[in-house]
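So you can see what is in the structure, the chains are spelled out below.
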Amino acid sequence: MTINAIPGGANNKPAHNKRTGALSLRNRLLITFLLLAALPVLLTGIISGLINAQGLRNASLAQLTSVAQLKASEIDSWVSTLQTNLDLVLQGRDLSEKYERGSEKSADAETARTSLRNRFNSVNKTTGYFEELFILDKEGVVVVSTNTSQEGKIYSTQAIFHEGLKGSYLTPPAYDISLSKYSIVFSQPIQSISGEVIGVLAGRANLAVLDQIMLVRAGLGETGETYLVGANYALLSQSRFENFKIGETYIRTNGTRNSIETQSTGADLYNDYRNVPVLGSYLWIPELRIALIAEQDQSEALQSSNRAFGITLGLMVLTLIIAAFVAFLVTGSITTPISQLVTIAENVTSGNLESVAYVERKDEIGVLATAFNTMTSRLRELIGSLEQRVADRTRALATSSEVSRRISTILNQKELVNEVVNQVKNSFGYYHTQIYFYDDAAENLVMAGGTGNAGQMMLAQFHKVAKGRGLVGRAANSNQAVLVSNTLKNPDWLANPLLPETKSEVAIPISIGDQVLGVLDVQHNIADGLQQEDVDSLQSIANQLAIALKNIQSTETVAKRAAELQTVARISTVAATISDVQKMLESVVHLTQRGFGLYHAHVFLYDENKEHLEITACGYQEGDEHEGTHGTTIIPLAQEQSLVARSARTRQAVIVNDVKKQAGCPILLPDTASELAGTTPGTT
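Residues numbered from 1 in each chain as written. Predicted model: local features only at pLDDT ≥ 70, side-chain atom pairs only at ≥ 80, totals over all residues. Heavy atoms only, no water.

A. Structural detail: the overall build of the protein. The number of helices and strands found in the protein is 15 helices and 24 strands. Counting all 684 residues of the protein, 40% fall into the buried class. The contacts in the protein between residues at least 6 apart in sequence include a share of 55% that link residues at least 24 apart. Surface summary for the protein: the accessible area is close to 37,100 Å², and the carbon and sulfur share equals 54%. (Helix = DSSP H or I, 4+ residues; strand = E, 2+ residues; numbered from the N terminus. Buried < 20%, exposed > 50% of the residue type's maximum accessible area, 1.4 Å probe, protein only. Contact = heavy atoms within 4.5 Å. Areas by Shrake-Rupley, 256 points an atom, 1.4 Å probe, with all protein chains shown as cover.)

Dropping the structure here:
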């Protein structure tokens, strides 16, 4: 591509600092390209790393949980086996017979005990499940034991005796002082031939089997282990680390606390009893009241994730290097021709509008050069009319300011509307101006003022626009100005037969914040006669109009409040100065109806003997056929549908803003739309 700057005037000045500008743009492009390349790579790498780490962590925790459950099953099987073997020891009649003979004080008692002792030793030697088998008599005293040093020991206060008399029983791991170690004891009753319970057979389990189960490290990697912890947090199985002894080590980690305190099963990341970060799975075994813990060092469990993150990081760095190289080449091809365009732009800036970019390529930069040439051509055309446009804009602003000043002094809404529509039409020379306000139901926009004969005719016809319809409805709905510069080119524009010459139209919302009060509609008989400049000026007038309307409403509200307060003062004076109660009530009800502009006001007195309310004084509208009369209306106090009775019963004011929706609408007062009933001591 070649772009040449062709000067067209003697005042052409050489471009300055071109290289700095080009390099600055190139640097910005390089940074942008690198960010565009780096951010997706970084986000992808981080997210994939987190997902991979989470997945691997979950998989490792699931593996540990599986190992823990498998070993819990082995322990359960071990408990069942021990219970079964203890049952087998009781099989046959000779055990109870020998026990009964051994309990007697006869010559062959010792022989019977020796026979039982030998039988128990044989069972222990054959199965290896029990360290000690022994029998407790009905007093809880050991009479026969494979460990003769234990004979004579008393268990009368311990659970293995009490529960063993009732049925099969298993003790949680407990420290036996006499044996200086933890033990688990199984017990069950011994029955005579007649079925009478005559003692308890107990077996002290060989806990070395538990160590063998726990020390199997299949599925635990190089750093994993499983171990058992009692309800008192004491280590019950052999640790793979020599410094931690059974019965001497107490383990209080998140895993043991969660399992023992909540007696639950779960998995988590925490520090183990060595204070090393691990992945751990914990499982509560309720039969033994012990926690089974399976753990593996995080450094090993998450090793694959760390390795994958390292690979991802390397790929990210390589991608960034490649992206930087490509960005350097691409930015060079973009910034070089742009720097040449900068030279031409500086010539134009210095006042030489005859400079032209000579284009020899048809890509985006070529299009830019063509657009630049078009821009300079249009600048030459626009400068000729710029002063006139500035003058027109100044006149419009001055007119807008004058209209705003005039409307700020008017405190009557009708006068204000007439003043605005006429001032806007005459000052700006528009074809037609009109103003709409929302009706009470906020469903239609009703015309409040318009210029010319068309405006008077539409006012006489109570002209209105449905909500959301036409430019006026759309402006009110959106709270945004709606401009149609050429109505002939807009198929959605709705023509008004009374305004046949309309060629352009704009609708400006009259609003304060989000509250739309109405719409200022301006029409012109010149196509494209309304532009954005007109919208800006008219919007300023609409804003001033909205403020003026609010001020009028505030003034009217204050005046109404003052009149109401004056009425209250007059009523208070009458109530205090007229001694005749009937006349006082008639005067009060009359003043209330007149002073507050009510449809009807009346006073009821409560008759305690008859439990009803009787009308005493009525205030009708001026000129009403009933004016000056009071009637004989009686309302039972218990009548549910009467507001008067309800107020008397509750001693509170009752108000209904739409009586047509309430049952019990007054028959004699058919025009009643809303009603208020209040109570005073002795009256309603």
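B. Expanded view of the pairing of strand β15 (residues 444-450). With 5 of 7 residues buried, β15 lies mostly within the body of the structure. Pairing of strand β14 (residues 432-438) with β15 involves 5 bridges; the strand directions are antiparallel. In the strand pairing of β15, Tyr438 is matched with Leu445. Joining the antiparallel neighbours β14 and β15 is a turn of 5 residues, in which Ala442 adopts a positive phi near 55°. Across 3 bridges, the pairing between β15 and strand β16 (residues 464-466) is antiparallel. Bridged to Val446 within β16 is Lys464. (Pairing = 2+ DSSP bridges.)

C. The arrangement of the pattern of salt bridges in detail. With the rule as written, the count across this model stands at 7 salt bridges. The shortest N-O distance in the salt bridge between Arg274 and Asp297 comes to 2.9 Å. You can see Arg274 sitting in the loop between β10 (266-271) and β11 (277-285) and its partner Asp297 sitting in strand β12 (residues 290-297), a full 23 residues away along the chain. By relative accessible area, which is 10% here, Asp297 ends up buried. Here the salt bridges share partners, and the residues they tie into one network are Asp272, Arg274 and Asp297. (Salt bridge = Lys/Arg side-chain N within 4 Å of Asp/Glu carboxyl O.)

D. Local environment of the packing of helix α10 (residues 413-428) against helix α13 (residues 532-577). Their axes nearest at 11 Å, the elements α10 and α13 cross at an angle of 165°. Accordingly, the angle class assigned to the pair α10 and α13 is roughly antiparallel. Here the hand of the crossing between α10 and α13 comes out right-handed. Counting all contacts with α10, which are made through Gln413, Leu416, Val420, Val424 and Phe428, the residues of α13 involved are Ser537, Leu538, Ile541, Leu545, Ala548, Leu549 and Ile552. Split into classes, the residues belonging to the contact of α10 with α13 amount to 10 nonpolar, 2 polar and no charged. (Axes fitted to C-alpha atoms, helices over the stretch in contact; angles between N-to-C directions. Parallel < 35°, antiparallel > 145°, perpendicular 65-115°, else oblique. Left-handed = near helix turned anticlockwise from the far one by under 90°. Nonpolar A, V, L, I, M, F, W, Y, C, P; charged D, E, K, R; others polar.)

E. Layout of α10. An ideal rise of 1.5 Å per residue puts 22 Å on 16 residues; α10 measures up with 22 Å between its terminal C-alpha atoms. Those residues of α10 that sit buried are Leu416, Val417, Glu419, Val420, Val421, Gln423, Val424 and Phe428. The opening residue of α10, the one whose side-chain oxygen lies 3.0 Å from the backbone nitrogen of Lys414, is Asn412. Of the residues trailing α10, Gly429 is marked for its positive phi of about 75°. (Expected span 1.5 Å × (residues − 1). Polar contact = N/O pair within 3.5 Å; in protein donor to acceptor, adjacent residues only side chain to side chain.)

F. Summary view of the sheet that holds strand β3 (residues 142-145). Strand order across the open sheet formed by 5 strands is β3-β2-β8-β7-β4, with antiparallel pairing between neighbours. Looking at strand neighbours, the two that pair on one side only are β3 and β4 (169-170), the edges of this open sheet. Relative to strand β8 (residues 197-205), strand β2 (residues 130-136) runs antiparallel, the two sharing 6 bridges. Directly across from Phe130, in β8, lies its bridge partner Ala205. Strands in contact with helix α4 (residues 159-166) are β2, β4, β7 (185-191) and β8; relative to β7, the strand with the most contacts, it is inclined by about 45°.

G. Broad picture of unusual backbone geometry. Even without being a glycine, Phe462 presents a positive backbone phi close to 50°. Note that Phe462 resides in the loop between α11 (452-460) and β16. Of note in this structure, Asn479 is not a glycine but carries a positive phi near 55°. Mapped onto the elements of the fold, Asn479 is located in the loop between α12 (470-478) and β17 (482-484).

H. Broad picture of the sheet that holds strand β20 (residues 600-607). Strand order in the open sheet formed by 3 strands is β20-β21-β22, with antiparallel pairing between adjacent strands. With partners counted over all chains shown, the strands left at the sheet margins are β20 and β22 (634-636), one partner each. The sheet shows a mean angle of 30° between the axes of neighbouring strands, taken without regard to direction. Both strand β21 (residues 612-620) and β22 contribute to a ladder of 3 bridges, which runs antiparallel. By the bridge assignment for β22, Leu613 is matched with Ile635. Docked against the sheet, helix α14 (residues 581-596) engages β20 and β21, running at close to 55° with respect to β21.

I. Highlighting the side chain of Asn85. As for its position among the elements, Asn85 is in helix α1 (residues 18-90). Owing to a relative accessible area of 13%, Asn85 belongs among the buried residues under this scheme. Apart from the residues within four sequence positions on either side, Asn85 is in contact with Thr127, Tyr129 and Phe130.

J. Structural view of the confidence of the model for the protein. When pLDDT is averaged along the protein, the result is 81; 88% of the residues meet or exceed 70. Here strand β1 (residues 5-6) stands out as the element of the protein with the lowest mean pLDDT, 44, in contrast to β14, whose mean of 93 is the highest. (pLDDT = per-residue confidence, 0-100.)

K. Molecular detail of a nonpolar patch on the surface. On the surface, a nonpolar cluster with roughly 870 Å² of combined accessible area is contributed by Ile31, Leu35, Leu39, Leu42, Leu43, Ile46, Ile47, Leu50 and Ile51. Within the secondary structure layout, Ile51 lies in helix α1. Classification of Ile51 by relative accessible area gives exposed; the value is 58%. (Patch = residues over 30% accessible without salt bridge, like charges linked within 9 Å, V, L, I, M, F, W, Y side chains within 5 Å.)

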